[in-house]
Structure formats: structure tokens, C-alpha cells
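Okay, here's what each chain looks like letter by letter:
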Amino acid sequence: MTDILAAAEGVSKRFRHTPDFAERLAIRLGAAAEPATVHALDGVDLHIHRGEVVGLVGESGCGKSTLGRVIAGMLQPSEGRITRQGQDIRALRGADARKMRLATQIIFQDPMSSLNPRKRVSEIIGEAPRVHGLIPRREVRAEVGKLLATVGLDPTMADRYPHQFSGGQRQRIGIARALAVNPDFLICDESIAALDVSIQAQVINLFMDLRRQFNLTLLFISHDLSVVRHISDRVVIMYLGRVVEISPADTVFDAPRHPYTAALLEEIPRLDRRGRRFTAIKGEIPSPVNPPSGCHFHPRCPHAFDRCRLERPALKQVGAGQDVACHLNDGNGLIDTPSRQGE
Amino acid sequence: MTLLEVSELKTWFETPAGTVKAVDGVSFSLAKGEIIGLVGESGSGKSITGFSILGLVDPPGKVVGGSIRFNGEDLRAASEERLRALRGDRIAMIFQDPMMTLNPVLSIGTQMVETVQAHRRMSRADARAKARDALGRVGIPRPEERLDAYPHEFSGGMRQRVAIATALLHEPDLIIADEPTTALDVTIQSQILSEVQGLAAEMGMGLIWISHDLGVVAGLADRIAVMYAGRIVEEGPRDDVLDAPRHPYTSGLVASAPIANERGKPLRQIRGSAPSALHRPEGCAFRPRCDHAGDLCLNDVPETCATPRRWRCFYPMGSS
Ligand SMILES: Nc1ncnc2c1ncn2[C@@H]1O[C@H](COP(=O)(O)OP(=O)(O)OP(=O)(O)O)[C@@H](O)[C@H]1O
Ligand SMILES: Nc1ncnc2c1ncn2[C@@H]1O[C@H](COP(=O)(O)OP(=O)(O)OP(=O)(O)O)[C@@H](O)[C@H]1O
Ligand code: SF4
Ligand code: SF4
Ligand SMILES: [Mg+2]
Ligand SMILES: [Mg+2]
């Protein structure tokens, strides 16, 4: 058994729902009710092994970012706990707590809004290691140069400001800033979604390189299943605040066990799926304010039966490294689904 | 029959920092019932091409050259009044953010009835019936009831469907769709694609589908046009473009898709990044990123036509 670097145990997170612009307007005009509670995470268990790349996929609002932030210790779970090397992170104090915070770094989607526009790149990258006394002040500049080179940027650009870089370059600056504090765990939250296709490949390659070079553990959050499959060892699929399937990345396309995973695979746009007759699983993604009873997926599931409406399926191990939460076939989910590869 | 014929279109922006040649000599045509996918890097001019066709380019932008013929009519010569009559009636646009077309304080029904009555002399009851049918067509359940709902009562995917239903009210001949599913989830995207695809076939509409996702376009389009730095650098039937790209940029895009690479191996990538619209390289704008570049590439690249395909490259792929 490899050692577990980080784990979520029975983690739930509830928020007061924040209304969007149209809703706020409607509330002010008396056309809508006041906001309610959102179940962003609902009993999530996830173990991340040292050195592993775990991909986290699921549709908008299913709780991916919330899980990332909870695991990083930026958000307190409403229930359950997060452990780092077996220790509850809430029990950590002082130097230990600080060490844990630095060892886990999050890289966000929008490279522009997460970089201070008034600071030079050298300050952005050098600030944290200097403040935390990780490197002597005189060596900061050299270190920044080294980090820039590591992420494929010219070290002579250290004195420029973020707006003088392209989107892909800014994403690299964000990555260099995260690496500056010697993390062992990177959480990448939609880190490539805002980039042009031609730049996405560059940044994906960079993540794969860094992982090998620094022996990093990665939690790679994305809604793009083909990207996640490419870089991950294991893929975790979430639906409305719950983990519905965990699968080794090399088989996730071939043998999905959860009907939602199967539907996702069916629908992802792919270069090799030409002139398709698009079809779609029925229904909208329900609101996390008022999730369906039992299995959250039941209103859209073509296989749903009575039990699905009443009882939440538990996440059950169904094969080597594969877990599913579905009542079908006695808790084994879909079996004998034909391969969907190259359809 | 040719529905739309865009030829040598140029749309430039005069800015204090210089002239931004957002669209710089774009030509393509679209037949009735045909779907063309317009793909390319951010800033390559896809949206401005769409806006130019509709006569919706705001200053400091201006269409400075070329022609746009729609059903034979010269749109560049058309009056603002004539364009307004065409927009929302014969030509419709769908945007990435449906709230660009929806008014948050009016019910869906009120908005749709207004759109109907803007172009047709029709009683309120008839207009409402037309709106209800349009909602039903894009797969909105219980359309009669939903007419009284406000945009905030719909999910993002539903709002986009309402925007599409509104665009389809008058069964336009041409729809320009600017990344309308980019912000939506895969399963919802598929639902919308399936509806649009069905309707386009049923009504024989021409469709320009703007996207940066080659996968979407591969599934939807009959032909693909690839834009780079204000120009179409390659255009042709879908399978030709994807299976045997001639332009090195298209080839790089296709090769970098995860599906085209072995899992866990480095993806083939295009180096560098797109030039700023103000400082495009001399000659071929792709030159600094191109592995094929040779002496000729410092010159302006002419278009090579080999019907049904065309490209702009001195040393195209597959011709050693
Ligand atoms: N700070 C917050 N306050 C209120 N609600 C929140 C907050 N953060 C998240 N939520 C809600 O919790 C749910 C899960 O959100 P989260 O951002 O984790 O989803 P996600 O899977 O990352 O989605 P996306 O793919 O859109 O980024 C959503 O319904 C969201 O609106
Ligand atoms: N109002 C403006 N003033 C100056 N330049 C503009 C203006 N609007 C657009 N541009 C420029 O025109 C070029 C083309 O823009 P356009 O919006 O058509 O790109 P696009 O291909 O649709 O990109 P994206 O994929 O990001 O939507 C860009 O370089 C952009 O910066
Ligand atoms: S538990 Fe039932 S509803 Fe849920 S995915 Fe399985 S079969 Fe479908
Ligand atoms: S013209 Fe030259 S630089 Fe441009 S794409 Fe072709 S080979 Fe490359
Ligand atoms: Mg998120
Ligand atoms: Mg655009």
C-alpha cells in the first residue's frame, strides 16, 4: 500500500446559496424567494496517494472547487475531516499548520485575476519564499530566475508586470509562484480552461514534467474528461456534491460503471466523432439547493428503478481501483457495457 | 444555392495604439442547409466576422473592405433600417451569454411576443402561440406555463435554449452562433447541439458555428474554416481538414488533442503563442510558431485553391 498523502473523510460542506444577477434582481422585485442552503459536498470520501495524479471531473456546480478548497484547508468542512499524512489538519498548530499550508498549493483557472497586476513577476514569485524565510533574501532573485526557467519562461522577464504576458505565460507565472514554496501537493483548479487550445497542450505538458521532476502529487480538477484521462492515474467523477465513480484512468473510457459516467463519455465532443447525430441524456442538472432524493442522478438515469428514488447508493469497490455508487446489479453498477472507444 | 457569400471582408479598429486588423481579408460562402464551423485562437477574428455580417460592429471598428452578399443582396450597401429588418427575422445570432439577448426583468413570453411583433403584424394571442411552439421545439417542457417565467427561473442551459428559441421564431435562413455552448456542461451542450442540428436540417437553415473546440465542430459541421490572426488559413470539407490538414496551424491543433496522443505521453504541441493583433509578424503571421517555415514565408501568403479545399501556406503539409 502506497502512503496516503491527503484524504477527505465523510466531508460535507453546506453554503448559503448566492443568487446570480438575474436572481438578485428578481429577489429585489419580489419575484423570487430568499436564497436557501446549498449542499456543495455531501459525504465525500477520497484518498490521494503520494506521487499520484488524481483527476476530478463533473459538471458545473457539482462541488469540485469546493472539494479542492476544503482539501487545501482554505475552507472548513461542515462535517467530516481532512487529513494530511494521517493527521487531521484542524488539529495542526503553529509551525506544523504553516508547513501544511505551504506544502499544499492551489492554482486557479484565471491567471489574470489571481496575479496582482501592480507587482512585478519577480515579486509575485519571490514574495512567499522570502516572507516565510524559505530562502535567504539575497538568493531570492536567483531562485526566481530558476523557477521561471523551470516553467519555460525567460528569466530576463522577471521585472515585467503580469499584463505584459500572454494568458499561457501568466498561467506559467501562477505555477512558478506555487512551486516557489516547495509544495509536495498541487491542486490545479481548471488551470487550463481559460487557455487557447494550442496553449493548453503546452501547459498540460508542463504539469506532467513538473510532476516527474519534483515528485509532486496532483489533484487535477477539470470538466474536460479527455484532458483528465490523459494526465491522471485515477479519475474521480462527481455528481451534485457526491463521488459517483472512481476509476483507473486507463480504463475509464472503456468500462464505465456509473450511468452518469457512461453518459458523459457518450457526450464529450471528440475529434474522431464526425458528423454525429447529437443526442443527450434527458433533463437538466438539478439544483444543489434541492437535490433529488435517493440517487441524485435518478431523474435523468435511463436505468433508474424504485430503490434509486428512496436510497442513496454507497460507494462500493467493484474492481481493482474502481469504485461506484449505483444500485444496479447489486451495487456493481453497469456491467458488460460495450467499449465506447473509437465510436 | 448560395445563401451567404463573404468576400475579402476587412474589419479594422482604429485605436490610439494603431490599427487592429481584426478581420483582414476573410472569404467564405455558405449554402442553404449547410453548417460551417469557424474555429481558431482567441482574438483571431471569429466574433468580429460574425458581427460584421450582421452589421453590428461598433466604433472604433469599421468594415473597411470586401463584400457580404446574403440571398444575393449586398449587405454592405444596405441601410441600417434594412439591416434591422433582416436581423432577428432572416438572420439571427446566438451568443455565448444568453443574457445578451434576454431581458432579466421581463417574462420570457413578453420578450418573445415583442420579438414576433417587431417583424410581423400579428395579434398578441397568435404571437404567444408562436412563442410557445418555439419553446416546445427546443425541448422546453410545459412551454405554455414557462412563457410566464422570468430568465432567473431557468438554469444556464435553459436560458440558452430560450435564446435559441427566440432566434428561431421567424425560421431565419441564417444563424450565426458564437460559442453558444462553451459555458455549458457537456450533457447540456449535447442537448442543445442535438436540437440545433435537428432544426437546421428540418428548416434548411444555414449555420455558422463559431467555436474554439475542434471536437464540437467535428461532430456538427459539414465544412470547417480555421482562422488565425484575422484570416482564414484553411477551409474545406470537415473530414479533409481534420484528417489531412494542409496548414501547419490546423495540423498542430489536430495533433495536440489528447485523443490523438498516447495517454500519459507528452502532447504534441504548437510552440509560442498567438501574436498581438497590433504586432503581427511580417509575411505569414504563423511564422514564429511554424516548423515548416522557409524563405518565402516573409512574404504575404496568397490563397491556394484546390476545390473543395483552400489554404494559405507556402509549404503546406502533405506535399513534402
Ligand atoms: N462561497 C460560496 N457561497 C455559496 N455557495 C457556494 C459557494 N461556493 C460554492 N457554492 C455553491 O456550491 C456548489 C458547488 O460549487 P463549486 O464551485 O464547488 O462547483 P464546481 O464543481 O467547482 O463548479 P464549476 O465547474 O462551475 O467550477 C454550487 O452550487 C455553488 O453555487
Ligand atoms: N473594440 C475593439 N477595439 C480594438 N480591438 C478590438 C475591439 N474588439 C475586438 N478587437 C480585436 O479584434 C480581434 C478579433 O476579435 P474577436 O472578438 O473577433 O476574436 P475571436 O476570434 O472571437 O476570439 P475569442 O475566441 O476570444 O472570442 C482581437 O484581436 C481583438 O482584440
Ligand atoms: S442508483 Fe439507480 S438512478 Fe442512480 S445511477 Fe444507478 S441505476 Fe441510475
Ligand atoms: S506560410 Fe510558411 S510560416 Fe506560414 S504556415 Fe506556411 S510554412 Fe508556416
Ligand atoms: Mg470550480
Ligand atoms: Mg469571440
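Here, every reference points to the structure presented above.
From a predicted model like this one, the values you see are computed outputs, not experimental measurements. (Residues numbered from 1 in each chain as written. Chains lettered and ligands numbered in written order. Predicted model: local features only at pLDDT ≥ 70, side-chain atom pairs only at ≥ 80, totals over all residues. Heavy atoms only, no water.)

## Comments concerning the sheet that holds strand β4 (residues 79-84) of chain A
All names here are of chain A. With antiparallel pairing, four strands are arranged side by side in an open sheet as β2-β1-β4-β5. What marks the edges here is a single partner per strand, and that holds for β2 (37-49) and β5 (87-88). Where β4 lies against β5, two bridges are found, and the strand directions are antiparallel. Each bridged residue has a counterpart across the sheet, and for R84 the counterpart in β5 is Q87. Packed on one face of the sheet, helix α2 (residues 64-71) meets β1 (4-16), β2 and β4 and runs near 60 degrees to β2. (Pairing = 2+ DSSP bridges. Helix = DSSP H or I, 4+ residues; strand = E, 2+ residues; numbered from the N terminus. Contact = heavy atoms within 4.5 Å. Axes fitted to C-alpha atoms, helices over the stretch in contact; angles between N-to-C directions.)

## Thoughts on the nonpolar core
Generally speaking, nonpolar side chains in soluble globular proteins are found buried as a group. Among the nonpolar cores identified, the biggest contains 63 residues, and M112, L135, W209, I224 and Y249 of chain B are the most heavily contacted of them. Counting residues per element, this core draws most heavily on helix α7 (residues 186-203) of chain B, at seven residues. Both domain 1 (2-90 + 173-311) and domain 2 (103-169) of chain B contribute no fewer than three residues apiece to this core. Ignoring anything within four residues of it in the chain, the contact list for I224 of chain B reads G37, V39, V217, E234, E235, G236, R238, V241 and L242 of chain B. In this structure, V53, I175, I192 and C308 of chain A belong to the second largest nonpolar core, which totals 60 residues. (Core = buried A, V, L, I, M, F, W, Y, C linked by side-chain atoms within 4.5 Å. Buried < 20%, exposed > 50% of the residue type's maximum accessible area, 1.4 Å probe, protein only. Domains from an automatic or database assignment.)

## A word on unusual backbone geometry
The peptide bond linking P59 of chain B to P60 of chain B adopts the cis configuration, its omega dihedral lying at 10 degrees. Within the fold, P60 of chain B resides in the loop between α1 (46-54) and β4 (61-70). The amide bond that connects T307 of chain B to the next residue, P308 of chain B, takes the cis arrangement and shows omega of 10 degrees. For P308 of chain B, the position within the fold is in the loop between β11 (304-306) and β12 (309-311). Positive phi, normally seen in glycine, also occurs at N215 of chain A, with a value near 55 degrees. As for its position among the elements, N215 of chain A is in the loop between α7 (197-214) and β8 (217-221).

## Comments concerning the site of ligand 1
Residue and element names in this part refer to chain A. As a structural note, the neighbourhood of ligand 1 is formed by 14 residues, with S60, G61, K64, S65 and T66 the closest of them. Between ligand 1 and S60, the relevant distance is 2.7 Å, taken from an oxygen atom to a side-chain nitrogen or oxygen of the residue. C62 places a main-chain nitrogen or oxygen 3.3 Å from an oxygen atom of ligand 1. Starting from 640 Å² of accessible surface for ligand 1 in isolation, the protein chains cover 69%. Secondary structure elements with two or more residues in the shell around ligand 1: β1, β2 and α2. At three residues, the largest contribution of residues to the shell around ligand 1 is made by α2. The class makeup of the residues in the shell around ligand 1 is five nonpolar, six polar and three charged. (Near = heavy atom within 4 Å. Polar contact = N/O pair within 3.5 Å; in protein donor to acceptor, adjacent residues only side chain to side chain. Areas by Shrake-Rupley, 256 points an atom, 1.4 Å probe, with all protein chains shown as cover. Nonpolar A, V, L, I, M, F, W, Y, C, P; charged D, E, K, R; others polar.)

## Some thoughts on the interface of chain B and chain A
With 54 residues of chain B in contact, the opposing surface of chain A contributes 50 residues. When residues of chain B are sorted by the area they lose upon contact with chain A, H152, I259 and R263 of chain B head the list and together hold 17% of the total. The tally of links from chain B across to chain A stands at two salt bridges. Residue R274 of chain A is joined to D243 of chain B by a salt bridge in which the shortest nitrogen-to-oxygen separation is 2.8 Å. For the interface between chain B and chain A, the tally reads 18 residue pairs in polar contact (both at pLDDT 80 or more). Going through the elements one at a time, α6 (156-167), α7, α8 (214-220), α9 (238-243) and α10 (248-256) of chain B are the ones with two or more residues in the side of chain B that touches chain A. When residues in the side of chain B that touches chain A are grouped by element, the largest group, ten residues, is from α7 of chain B. Partitioned by chemical class, the residues of the side of chain B that touches chain A number 20 nonpolar, 20 polar and 14 charged. (Buried area = accessible area lost by both parts, 1.4 Å probe. Salt bridge = Lys/Arg side-chain N within 4 Å of Asp/Glu carboxyl O.)

## Some details on the site of ligand 2
Residues and elements named next belong to chain B. Looking at ligand 2, there are 14 residues lining it, with S42, G43, K46, S47 and I48 nearest. The contact in question runs from an oxygen atom of ligand 2 to an N or O atom on the side chain of S42, over 2.6 Å. Here an oxygen atom of ligand 2 and a side-chain polar atom of K46 are 2.8 Å apart. Calculation on ligand 2 without its partners gives an accessible area of 650 Å², and the protein chains cover 65% of this total. At the level of secondary structure, the elements contributing two or more residues to the shell around ligand 2 comprise β1 (2-15), β2 (18-31) and α1. Per-element tally for the shell around ligand 2: the top contributor is α1, with three residues.

## A short note on helix α5 (residues 140-150) of chain A
Residue and element names in this part refer to chain A. Those residues of α5 lying buried are V140, V144, G145, L147 and L148. Across the axial projection of α5, the buried residues extend over an arc of 165 degrees, all falling on one side. More than 90 degrees from the buried face of α5, the exposed residues found are A142 and K146. Lining the buried residues of α5 we find α4 (121-131) and α6 (167-179). Two residues or fewer after α5 comes G152, characterised by a positive phi angle close to 80 degrees. (Arc of directions from axis to C-beta.)

Such coordinate-based values are descriptive only and should not be taken to indicate function.
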